[in-house]
Amino acid sequence: MRRNFNILSYKITRRLYYFRGRFSSLNMPMKRIILIIDDDIDDCQFLQEMLAEAGWKGNTYFRHEAGSALLMLKNMQESESLPSLIILDLILPGIGGMDLLKTIKLLYPTIPVLMYSTTCDDELTWDARKHGAMDCLKKVASHEENLRFAKHLLSLISQPPLH
């Protein structure tokens, strides 16, 4: 299990550097913000707790459906404070997570998006990557694995992009 996590960490790191470097000319100042878009309030709170336990000192915002998430991103853009990372659930009420991913990457190509869901399989992961996500990861039940995942995410968004 540890080996799989290390391989996954490496793949996510490569994708984050790719996205951060690819759009460097479009970069707007990114604040220390993580936006979690998930219709399950318990999952949002759990992710926030994991991020805090891993050492996250920035702000964490939640949105539970696509419309409010897009409105929040628009307001953040107007105040020049786009998030450092978006964690996006695949299954959302109304517009689905994959459609929201396409819209986010069209409007905000510099923001790294990580799909995070109970339903990620190889086909969905490939589709998510094709539409601009860093990866599509299954929600993990183990506290240790979630904490390791949160620490890895924080290390990725705190590192400067490679050019």
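Predicted model only: the values in this text are computed from it and were never measured.

A. Region of the structure containing the sheet that holds strand β4 (residues 113–117). Read across the open sheet, the five strands follow the order β2-β1-β3-β4-β5; overall the sheet is parallel. Single-partner strands in this sheet number two, and they are β2 (59–63) and β5 (135–138). Each strand of the sheet is rotated relative to its neighbour by a mean of 20°, with strand direction disregarded. Taken together, the four bridges between β4 and β5 define a ladder with parallel strand orientation. Along β5, the bridge assignment pairs Met115 with Cys136.

B. Spatial organisation of the nonpolar core. Counting residues in each nonpolar core, the largest one holds 25 residues, and the members touching the most others are Ile37, Leu73, Ile86, Leu88, Leu101 and Met115. Secondary structure elements with two or more residues in this core: β1 (33–37), α3 (66–78), β3 (85–88), α4 (97–107) and β4. Counting 21 residues, the second-largest nonpolar core is a separate cluster that includes Ile36, Ala54, Leu85 and Phe149.

C. Representation of the pairing of β2 within the structure. Side chains of β2 alternate between two faces, with Thr60 and Phe62 buried and Asn59, Tyr61 and Arg63 left unburied. Pairing analysis gives five bridges linking β1 to β2, with the strands arranged parallel. Bridge pairing in β2 places Leu35 opposite Tyr61.

D. Local environment of helix α2 (residues 41–53). End to end, α2 covers 18 Å across 13 residues, agreeing with the expected 18 Å (1.5 Å per residue, within 8%). Burial in α2 covers these residues: Cys44, Leu47, Met50 and Leu51. The buried residues of α2 occupy an angular sector of 130° when projected down its axis, which confines them to one face. Those residues of α2 that are exposed and angled more than 90 degrees off the buried face are Asp42 and Glu49.

E. The packing of α3 against α4, seen in detail. In the contact formed by α3 and α4, the axes pass within 11 Å of each other and the chain directions differ by 15°. Taken as axis vectors, α3 and α4 run roughly parallel relative to one another. At the point where α3 passes α4, the crossing takes the right-handed sense. Within the contact between the two elements, α3 uses Ala66, Leu70 and Leu73 and α4 uses Leu100, Thr103 and Ile104.

F. Spatial organisation of helix α5 (residues 122–130). Two to three positions downstream of the cap, the backbone nitrogen of Glu123 sits 3.2 Å from a side-chain oxygen, assigning the N-cap of α5 to Asp121. Following α5 by one or two positions, Gly132 adopts a phi angle in the positive range, close to 110°.

G. How the structure looks around the pattern of salt bridges. Applying the stated criterion across every chain, the model contains seven salt bridges. The shortest N-O distance in the salt bridge between Asp43 and Lys139 comes to 2.6 Å. Placement of Asp43 in helix α2 and of Lys139 in the loop between β5 and α6 (143–158) is noted, with a sequence separation of 96 residues between them. By relative accessible area, Asp43 is classed as partly exposed at 22%. Overall, Lys139 belongs to the buried group, its relative accessible area being 19%. In this structure, Lys74 engages Glu78 in a salt bridge whose closest nitrogen and oxygen atoms are separated by 3.5 Å. In this pair, Lys74 and Glu78 are both assigned in helix α3, four residues apart and thus about one turn of the helix distant. Here the residues in one salt-bridge network are Asp38, Asp43, Asp89 and Lys139, joined through shared partners.

H. Geometry of the side chain of Asp135. Its place among the elements puts Asp135 in strand β5. There is a polar contact of 3.0 Å between the side chain of Asp135 and the side chain of Arg129.

Rules and cut-offs
- Residues numbered from 1 in each chain as written.
- Predicted model: local features only at pLDDT ≥ 70, side-chain atom pairs only at ≥ 80, totals over all residues.
- Heavy atoms only, no water.
- Pairing = 2+ DSSP bridges.
- Helix = DSSP H or I, 4+ residues; strand = E, 2+ residues; numbered from the N terminus.
- Axes fitted to C-alpha atoms, helices over the stretch in contact; angles between N-to-C directions.
- Core = buried A, V, L, I, M, F, W, Y, C linked by side-chain atoms within 4.5 Å.
- Buried < 20%, exposed > 50% of the residue type's maximum accessible area, 1.4 Å probe, protein only.
- Expected span 1.5 Å × (residues − 1).
- Arc of directions from axis to C-beta.
- Parallel < 35°, antiparallel > 145°, perpendicular 65-115°, else oblique.
- Left-handed = near helix turned anticlockwise from the far one by under 90°.
- Contact = heavy atoms within 4.5 Å.
- Polar contact = N/O pair within 3.5 Å; in protein donor to acceptor, adjacent residues only side chain to side chain.
- Salt bridge = Lys/Arg side-chain N within 4 Å of Asp/Glu carboxyl O.

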